[in-house]
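In case you want the letters, here they are:
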Amino acid sequence: RQPVILAGGGVIHAEATAELRALAEYLDIPVTSTLMGLGNFPSGHPLFLGMPGMHGTGYANLALYNSDVLICVGCRLDDRVTGKLESFAPSAKLVHIDVDASEISKCLPAAVPIVGDAKPVLAALLAGAQGWESRPDFGAWHKVIATWRHKYPMGYRQKDGVILPQQAVQEINAVMGEDDIVVTGVGQHQMFTAQYYQFKRPRTLITSGGLGTMGFGLPAAIGAKVAKPERRVVCIDGDGSFLMNVQELCTAVRYRIPVVVAVLKNCNLGMVRQWQHMFFDKRHSQSDLACPPYDQVAKAFGALGRRVERPEDMGQSLRWAFQAAEAQQLPVVLDIMVDPEEAVLPMVPAGEPNINFIPCRVEER
């Protein structure tokens with residue numbers, strides 16, 4: 001009566017996104033995608049619940065907790081997804097599909113273990129469902145989920161004259177095409193990207209996932225642009241993460257690689273500061289950064305740069321960045337000054353069940 005599909009990066013590796021969508025649409029089952037799975041199901045689709053877990057949507061976490069059947073495909077059920085394991089989906093029968101047998105029942109016991117590649121397995125499940133005499137009606141389940149969407153929406157409170165990181169991600173989303181590629185480092189900016197960028201196609205997000213590799217963004221963006229020169233590539237990075245491998249600007253300049261880097265600059269190790277602020281009585285230790293002006297650093301490397309301080313300048317600056325990068329075949333760095341007080345929400349405190357999330361602070365309705 002209350003099924004959910006939890007789809008991970010394995011669906012993308014198996015090139016099984018079409019099969020996933022066909023199965024979900026045929027049976028009218030809601031879908032939630034892990035961080036590494038973003039793009040395996042189109043954002044904005046009425047069945048899509050967003051990302052689950054520590055910084056997942058409230059309605060995705062509530063749906064998983066209250067599910068009675070969980071179809072997990074190409075996902076290892078890591079702790080950032082499950083939270084407190086015994087409270088993750090306590091009433092659900094688990095159907096676990098994975099090409100790696102060692103992943104099945106590793107974290108949660110599978111009622112139906114299926115070792116196999118996601119593409120043929122999902123196709124076989126769809127074929128089996130199409131042979132049923134009648135399809136189940138999950139209308140009541142969708143109504144319950146709709147109430148959670150209304151009660152715990154994604155969003156934030158606007159601030160006059162201040163660029164919020166969520167706004168910056170949405171502005172980037174507005175100028176990018178569905179096939180363009182987004183690369184991230186690690187930190188708050190990575191989670192804001194996962195929450196507010198509308199990934200519609202597979203292989204349009206490149207992020208280091210569970211490796212947690214600060215400094216990953218710029219070199220990975222260079223690689224993505226070399227591999228797919230016909231697509232626009234943007235690296236959404238934090239000032240701390242960007243600083244880890246800033247020297248790779250030299251590589252991008254030398255080989256004329258026109259990537260755009262949007263540094264969401266809050267002058268902090270943002271996620272570290274957030275934890276210190278929320279869980280350690282605001283004792284901020286070694287989380288503030290004295291970062292240089294990255295637009296000027298870019299110019300010193302021979303790249304292009306611009307500082308962005310006002311919300312109304314975001315769209316124009318992004319359009320300039322992509323145009324200038326292609327015209328001059330050089331990397332462009334946007335040093336975007338964002339609100340240092342903004343936290344990534346929702347958030348599940350460490351060790352808590354996923355239903356004990358801190359919701360977004362949204363505008364009064």
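Residues numbered from 1 in each chain as written. Predicted model: local features only at pLDDT ≥ 70, side-chain atom pairs only at ≥ 80, totals over all residues. Heavy atoms only, no water.

1. As for the overall build of the protein
Here is step 1: A count of helices and strands for the protein gives 14 helices and 11 strands.
Here is step 2: Relative to the compact-globule value of 21 Å for 365 residues, the protein shows a C-alpha radius of gyration of 21 Å, a close match.
Here is step 3: Referenced to the eigenvectors of the C-alpha coordinate spread, the extents of the protein come out at roughly 65 × 45 × 40 Å.
Here is step 4: In the protein, which comprises 365 residues, the share counted as buried stands at 55%.
Here is step 5: Pairs at least 24 apart in sequence give 70% of the contacts found in the protein among residues at least 6 apart.
Here is step 6: On the protein, roughly 16000 Å² of surface is accessible, and the fraction owed to carbon and sulfur atoms is 52%.
Here is step 7: For the protein, the distance from the average site of its 34 positive side-chain charges to the average site of its 37 negative ones is 2 Å. (Helix = DSSP H or I, 4+ residues; strand = E, 2+ residues; numbered from the N terminus. Rg over C-alpha atoms; globule rule 2.2 N^0.38 Å. Buried < 20%, exposed > 50% of the residue type's maximum accessible area, 1.4 Å probe, protein only. Contact = heavy atoms within 4.5 Å. Areas by Shrake-Rupley, 256 points an atom, 1.4 Å probe, with all protein chains shown as cover. Lys, Arg positive; Asp, Glu negative; His and termini not counted. Charge placed at Lys NZ, Arg CZ, Asp CG, Glu CD.)

2. Some words on helix H6 (residues 139–151)
Spacing of three or four residues puts side chains on the same side of an α-helix, whose turn is 3.6 residues.
Here is step 1: For H6, with 13 residues, the first-to-last C-alpha span of 19 Å sits near the 18 Å given by 1.5 Å per residue.
Here is step 2: If you check which residues of H6 are buried, you get Trp141, Ile145 and Trp148. Buried residues in H6, looked at end-on, bunch into an arc of 50°, giving them a common side. Pointing more than 90 degrees away from the buried face of H6 are the exposed residues Ala140, Lys143, His150 and Lys151.
Here is step 3: On its buried side, H6 packs onto strand E1 (3–7) and helix H3 (58–66). (Expected span 1.5 Å × (residues − 1). Arc of directions from axis to C-beta.)

3. Description of the side chain of glutamate 342
Here is step 1: Within the element layout of this structure, glutamate 342 appears in the segment after strand E11 (332–337).
Here is step 2: Lysine 159 is the oppositely charged side chain nearest to the buried, salt-bridge-free glutamate 342, at an N-O distance of 4.2 Å.
Here is step 3: In contact with glutamate 342, not counting residues within four places along its chain, are Tyr156, Lys159, Leu164, Pro165, Gln166, Gln188 and Phe192. (Salt bridge = Lys/Arg side-chain N within 4 Å of Asp/Glu carboxyl O.)

4. Brief notes about the nonpolar core
Here is step 1: Of all hydrophobic cores here, the largest spans 115 residues; its most connected members are Phe88, Val234, Phe242 and Ile336.
Here is step 2: If you tally residues by element for this core, the top one is helix H14 (residues 314–328), at 6 residues.
Here is step 3: Setting aside anything within four residues of it in sequence, one finds valine 234 in contact with Ile172, Met176, Ile181, Val182, Val183, Val260, Ala262 and Phe322. (Core = buried A, V, L, I, M, F, W, Y, C linked by side-chain atoms within 4.5 Å.)

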